[in-house]
Structures are given as structure tokens and as C-alpha cells.
Amino acid sequence: MTTWAGSPPDEPAGTSVPADPRRPELLRYFLETSEVMGPTMAALAARRASHEEIRRMWTLSIQVETADDDMEASVRSELAFHQELAQATHNPILLSTYLTLLPVATACARVSLRVAGAPRRSGYWHRQISQAIESGDPQRAANAMCLHVRQLLAELGQAELLASTDTTDPPWSDDAAN
């Protein structure tokens, strides 16, 4: 049975793609989607997260980097952090969207956390995001999330784990317009 990111192809909703880690373009598409959704989720969480949600985000940010070479534990902590972030928005549509993307997020985490030093860097960005959310600073939370995703894009690109596309710049950059 295939795991789908989105609806199976026999359903009329949009385009659906299998969450196949051997298809590096899916990782790039997921990270592009994360660059759009992630900062908004972080900003909303900075406005709405409960103390308990913030405490769980802090715990998960530490767990991702302290899994002591247990890749699956790092992956679980990575995914749980982002799910907790989606939950902390208190927006059921954003949470549902994240859960729909979970198969591709899992594939992305399994690839990205294998890059040397990635769990430590991911934990660092998760702590930056958590700190901004805890301080109630939506702009700082959004910026930290954006930098986290861009670092992943850069690392995976340098490790040649992403399919090449026409540009690595955000679609709204001046370079993309030229």
C-alpha cells in the first residue's frame, strides 16, 4: 500500500503524490511548502500557544539533538515538534494540513537528519522558535522558522539530496524576477 501526501489519485481533490523518499523533488516541494506555511504557523503559535504547548516544544527541541545516534528517535522528535507547533496555532485547518503532509515530512526528516550535524542544528532552530513563541514575538518566531527551513534547503542542496530546480531563491526574490 502506498502512503500519499494528499488524497489518493481516485479522489477528485487536487494532485496527490506518493511520499517516496527516492523522489528528491518531493523533498524540495515539501520544504518549499514549509517555507510558506511554517513561518505563519510559528507566528500564530507565538500569539496563541499555551504554557503546556510551549513546554512540550522545548522538550522536543532538546530531544531531536540528544537522541544519541538513534535516527528514528530524532525523526520522531522532529516530527512531534512540528506537529506541536501546528497544534499550538489553535487552527484546526493548519493542523490538518500538517497531518496531511506528514508522510512527506517523515521522508524529509529521515533524509535531512542524516546530514552530519543536522540533529544539533535542527535542535538549535527549534529552541530559537520555541524561545520566540515563549516570548510572544510572532515576527521573531516566523523569522526563526524561515531560517530553519532555508538552512535545510541549503544543507540538502549541498549534500546533493534535492532535485535541482530552476532556482534556489525564494519565488519572490529579485533574482527570480530577472
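Residues numbered from 1 in each chain as written. Predicted model: local features only at pLDDT ≥ 70, side-chain atom pairs only at ≥ 80, totals over all residues. Heavy atoms only, no water.

1. Here we look at the pattern of salt bridges
And step 1. Enumeration over the complete set of coordinates arrives at seven salt bridges.
And step 2. In this structure, the salt-bridge partner of glutamate 52 is arginine 55, at a minimum N-O distance of 2.4 Å. Placement of both glutamate 52 and arginine 55 in helix α2 (residues 51–65) is noted, with a separation of three residues, approximately one turn of the helix.
And step 3. For glutamate 52, a relative accessible area of 36% translates into the label partly exposed.
And step 4. For arginine 55, a relative accessible area of 44% gives the class partly exposed. (Salt bridge = Lys/Arg side-chain N within 4 Å of Asp/Glu carboxyl O. Helix = DSSP H or I, 4+ residues; strand = E, 2+ residues; numbered from the N terminus. Buried < 20%, exposed > 50% of the residue type's maximum accessible area, 1.4 Å probe, protein only.)

2. What about the nonpolar core?
And step 1. Counting 45 residues, the largest nonpolar core has Phe30, Leu31, Met57, Leu85, Ile129 and Ile133 as the members making the most contacts within it.
And step 2. Those elements that place two or more of their residues in this core are α1 (24–48), α2, α3 (71–88), α4 (92–112), α5 (118–134) and α6 (138–158).
And step 3. A per-element tally of this core places α4 first, with ten residues.
And step 4. Those residues in contact with phenylalanine 30, other than ones at most four positions away along the chain, are Leu101, Val104, Ala105 and Cys108. (Core = buried A, V, L, I, M, F, W, Y, C linked by side-chain atoms within 4.5 Å. Contact = heavy atoms within 4.5 Å.)

3. Notes on the side chain of histidine 126
And step 1. Summarising the element assignment, histidine 126 is placed in helix α5.
And step 2. For histidine 126, a relative accessible area of 0% translates into the label buried.
And step 3. At 3.4 Å, the side chain of histidine 126 and the side chain of glutamate 78 are in polar contact.
And step 4. Look past the residues within four positions of histidine 126 in its chain and what remains in contact with it is Ser61, Val64, Glu78, Phe81, His82 and His148. (Polar contact = N/O pair within 3.5 Å; in protein donor to acceptor, adjacent residues only side chain to side chain.)

4. Focus on the environment of alanine 73
And step 1. For alanine 73, the position within the fold is in helix α3.
And step 2. Using a relative accessible area of 16% as the deciding quantity, one classes alanine 73 as buried.
And step 3. Sequence separation between alanine 73 and glutamine 63 is ten residues, and the spatial gap between their C-alpha atoms is 8.0 Å.

5. What to know about the packing of aromatic side chains
And step 1. Enumeration over the complete set of coordinates arrives at one aromatic pair.
And step 2. Relative to tryptophan 125, the ring of tyrosine 124 has its centre 5.0 Å away and its plane inclined at 75 degrees; by these criteria the two rings are edge-to-face.
And step 3. You can call tyrosine 124 partly exposed: its relative accessible area is 38%. (Phe/Tyr/Trp six-rings, centres within 6.5 Å; stacked < 30°, edge-to-face > 60°.)

6. Considerations on the packing of α2 against α5
And step 1. In contact at an axis separation of 7 Å, α2 and α5 are set at 165 degrees when each is read in the N-to-C sense. Viewed along their axes, α2 and α5 adopt a mutual orientation that is roughly antiparallel. As α2 runs across α5, the sense of the crossing is left-handed. Contact residues: α2 offers Ile54, Met57, Trp58, Ser61, Val64 and Glu65, while α5 offers Pro119, Arg120, Ser122, Gly123, Tyr124, His126, Arg127, Ser130, Gln131, Ile133 and Glu134. (Axes fitted to C-alpha atoms, helices over the stretch in contact; angles between N-to-C directions. Parallel < 35°, antiparallel > 145°, perpendicular 65-115°, else oblique. Left-handed = near helix turned anticlockwise from the far one by under 90°.)

7. What to know about the side chain of threonine 106
And step 1. Here threonine 106 shows up in helix α4.
And step 2. Of the residues examined, threonine 106 reaches a relative accessible area of 15% and is grouped as buried.
And step 3. With residues near it in sequence (within four places) discarded, threonine 106 still touches Val75 and Leu79.

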